Amino acid sequence: MKKYDLLVVGAGLFGLTISQRAAEEGYSPLVIDKRNHIGGNAYSYFDRDTGIEIHKYGAHLFHTKSEKVWKYVNRFSSFTSYRHHVFALHEGRIYPMPINLGTINQYYSSAMSPEQAKKLVESKTEGALKDAKSLEERAVALIGRDLYEAFIRDYTYKQWQTDPRDLTASIFTRLPIRFNYDASYFTDPYQGQPKEGFCSLFGSMIQDPKIEVRLECDYFEDSSVPKDLPTVYTGPIDRYFGYRCGVLGWRTIDFKEKRYDLESFQGCPVLNKSDMTDPSTRSIEFKAFNPERKEVFESKKTVVWDEYSRFAGKDDEPYYPIGTRKDKDMLAGYEAMAKEEKKVVFGGRLGEYAYYNMDQTIASALEIFEKKVLPMLRNGKK
Ligand SMILES: Cc1cc2nc3c(=O)[nH]c(=O)nc-3n(C[C@H](O)[C@H](O)[C@H](O)COP(=O)(O)OP(=O)(O)OC[C@H]3O[C@@H](n4cnc5c(N)ncnc54)[C@H](O)[C@@H]3O)c2cc1C
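Bear in mind the structure is a predicted one, so any value in this text is a computation, not a measurement. (Residues numbered from 1 in each chain as written. Predicted model: local features only at pLDDT ≥ 70, side-chain atom pairs only at ≥ 80, totals over all residues.)

## Regarding the environment of Pro318
Line of reasoning, step 1. Assignment of secondary structure puts Pro318 in the loop between β14 (302-311) and β15 (320-321).
Line of reasoning, step 2. Separated by 57 residues in the primary sequence, Pro318 and Pro375 place their C-alpha atoms 31 Å from one another.
Line of reasoning, step 3. In this structure, Pro318 is in contact with Pro236, Trp250, Thr252, Ala312 and Leu350, ignoring residues within four places of it in sequence. (Helix = DSSP H or I, 4+ residues; strand = E, 2+ residues; numbered from the N terminus. Contact = placed C-beta atoms within 7 Å.)

So, in structure tokens, the structure goes:
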């Protein structure tokens, strides 16, 4: 008798969602991951010394517009009512982000009304939005040169190690400007952190005994992997095809950890560093994501990670797809090859070379499961 119906490569959110749904439909998936934990890049652990939940691959905040995704994740964990807030350090002063009326009034040392602030910002803009070719042109057309230079220019330069005049305009979509005092970072109706931590959420997703998980198991290097099974592959697409069209470009992040015997170091979860004088892009104070864990939150110990962004080398963790023209051409080549693979479905951020938030990853996995994986499994049962 066949032991498994499906091989899932990668125990990140995409692979876990596929495995959970497969088991729910009565199938037995084998999930493998080359790392020694599940959860992929959204993995977190509780620090032994402080009890603080640390997000090993950078801060993860759950937020979604999708009721379907929200209902889905709530099947496996309850969520806190956490609302995300970000601040920025510029020339020795702290400002609320995203840019809102509070930021603008503080920057110009004024008490403008929304209308007055709008007029002032408009008077500082340059060029027409529709003609903007670079990130700099788009940003200056939207928020004016002053605010761009204070909060966007150097931060973006550090994030991409590229002059914003050489970056495509489409990157500047994530930071809105608000002419009110709303400083909430996300506007999604559903937000919060898993009450028992991300790892507990991931563990609950694969509770079904039909799911088998094999860790420290590399699809390409472990000869025991049953490669003849229908497969969902969530590893890097270029690696799957032996880099035949070239190596796709990624950005990675280095983290520098600091520990303090203080209740709080920076008083907020995320502090952006807006100037070139500080080479890090931002600092994360992890305990601030969980104010409900009172004992840990109020203890006189805290952990802060400074983030430094750079181009990924061959052995670095791939974090953000760069997406140059050359990358896009390579990807098109890989996508054409992927179409020819009848028993392998590609998905997730590495399998599709795309930046997905966690909710988008889950939404995509749920859809791909219905459209591609389930029909493949049903065919296999015939
Ligand atoms: C720094 C950073 C911050 C982020 N913050 C947020 C946030 O605040 N909110 C949000 O919603 N989203 C955030 N995201 C996005 C989130 O991390 C992704 O949506 C999610 O992790 C994607 O899941 P995935 O399964 O597609 O990929 P991954 O999590 O990367 O999982 C893929 C898995 O495949 C495994 N794998 C690869 N190759 C092999 C192989 N050969 N053999 C076996 N296993 C293999 C990897 O080890 C990995 O575990 C952030 C991402 C980054 C990089």
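Still more ground to cover, so stick around.
## With respect to the domain arrangement of the protein chain
Line of reasoning, step 1. When its domains are assigned, the protein chain resolves into domain 1 (6-38 + 206-245 + 322-381) and domain 2 (99-171).
Line of reasoning, step 2. Placing the centre of domain 1 and that of domain 2 at their C-alpha centroids yields a distance of 39 Å. (Domains from an automatic or database assignment.)

## Section: the pairing of strand β11 (residues 250-260)
Line of reasoning, step 1. Relative to β15, β11 runs antiparallel, the two being bridged by two bridges. Looking at β15, one finds that Arg251 is bridged to Tyr320.
Line of reasoning, step 2. Relative to β14, β11 runs antiparallel, the two being bridged by 10 bridges. By the bridge assignment for β14, Ile253 is matched with Ser309. (Pairing = 2+ DSSP bridges.)

## Things to note about the nonpolar core
Line of reasoning, step 1. Of all hydrophobic cores here, the largest spans 48 residues; its most connected members are Val8, Leu16, Ile18, Val232, Ile362 and Val373.
Line of reasoning, step 2. Ignoring sequence-local partners within four residues, the contact set of Val232 consists of Leu6, Val8, Val9, Gly15, Ile18, Val345, Gly347 and Val373.
Line of reasoning, step 3. Judged by nonpolar contacts, the second largest core, of 20 residues, contains Ala88, Ile104, Val121 and Leu147. (Core = buried A, V, L, I, M, F, W, Y, C linked by C-beta atoms within 7 Å. Buried ≥ 20, exposed ≤ 12 C-beta atoms within 10 Å, placed from the backbone.)

## With respect to helix α6 (residues 198-205)
Line of reasoning, step 1. All of the buried residues along α6 are Phe198, Leu201, Phe202 and Met205. Angular distribution of buried residues about the axis of α6 spans 95°; they occupy a single face of the element.
Line of reasoning, step 2. Elements that come into contact with the buried residues of α6 comprise α1 (13-24), β3 (44-46) and α2 (67-74). (Arc of directions from axis to C-beta.)

## Observations regarding the sheet that holds strand β2 (residues 29-32)
Line of reasoning, step 1. In space, the five strands of this open sheet follow the order β9-β2-β1-β10-β16, with parallel pairing throughout. Each end of this open sheet is capped by a strand with a single partner; those strands are β9 (212-214) and β16 (344-346). In this sheet, neighbouring strand axes are inclined to one another by 20° on average, regardless of whether the strands run parallel or antiparallel.
Line of reasoning, step 2. Note: strand β1 (residues 6-9) against strand β10 (residues 231-233), three bridges, orientation parallel. In the sheet register, Val8 faces β10, and the bridge partner there is Val232.
Line of reasoning, step 3. Sitting on the sheet, α1 is in contact with β1, β2 and β10, with an inclination near 165° to β2. (Axes fitted to C-alpha atoms, helices over the stretch in contact; angles between N-to-C directions.)

## Some points on the sheet that holds strand β13 (residues 282-285)
Line of reasoning, step 1. A sheet is described by the order of its strands in space; here seven strands give the open sequence β7-β6-β12-β13-β14-β11-β15, paired in mixed fashion. One side of each edge strand has no neighbouring strand; the edge strands of this open sheet are β7 (93-97) and β15.
Line of reasoning, step 2. Looking at chain direction, strand β6 (residues 86-90) and strand β12 (residues 270-273) are connected through four bridges and run parallel. The residue of β12 that forms the bridge with Val86 is Val270.
Line of reasoning, step 3. Against the sheet, helix α5 (residues 135-160) contacts β6, β12 and β14, and its axis sits at roughly 95° relative to β6.

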